[in-house]
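# Residue-level structure breakdown
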Amino acid sequence: HCLAVRAVCQREIDCDRGNGYSWKITLLRNYWKSKVKQEWLNGKYSNISSQLSLPEKSMYPMDVDTWGEILEAELER
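Presented here is an overview of the structure given in this document. Predicted model, so just to flag it, every value in this text is computed and none were measured. (Residues numbered from 1 in each chain as written. Predicted model: local features only at pLDDT ≥ 70, side-chain atom pairs only at ≥ 80, totals over all residues. Heavy atoms only, no water.)

Attention now moves to the overall build of the chain. When helices and strands are tallied, the chain shows four helices and zero strands. When its helices and strands are written in sequence order, the chain yields α-α-α-α. Along the first, second and third principal axes, the C-alpha set of the chain runs to 40 × 25 × 20 Å. Expressed as a percentage of its 77 residues, the buried residues of the chain come to 25%. Counting only carbon and sulfur atoms, one obtains 55% of the accessible surface of the chain, whose full area is about 5400 Å². Positive and negative side-chain charges of the chain, numbering 11 and 11 respectively, have mean locations separated by a distance of 8 Å. (Helix = DSSP H or I, 4+ residues; strand = E, 2+ residues; numbered from the N terminus. Buried < 20%, exposed > 50% of the residue type's maximum accessible area, 1.4 Å probe, protein only. Areas by Shrake-Rupley, 256 points an atom, 1.4 Å probe, with all protein chains shown as cover. Lys, Arg positive; Asp, Glu negative; His and termini not counted. Charge placed at Lys NZ, Arg CZ, Asp CG, Glu CD.)

Okay, here's the thing in structure tokens:
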């Protein structure tokens, strides 16, 4: 699971590990973030007509660098 999460959230995982978090804590901190981030990166939410169209799990607290990655992916579509 950790490697799958790291494939999506490499910067976040490396930062947490560099800050001394165990793999267990790192996974708990980043699991849902990786799921939501992957859906955004895959374009699942590219053509949403309103916020009411978004599924409940479409948002998760993410930092500015993560949103930058998502914006770049949207601009490339």
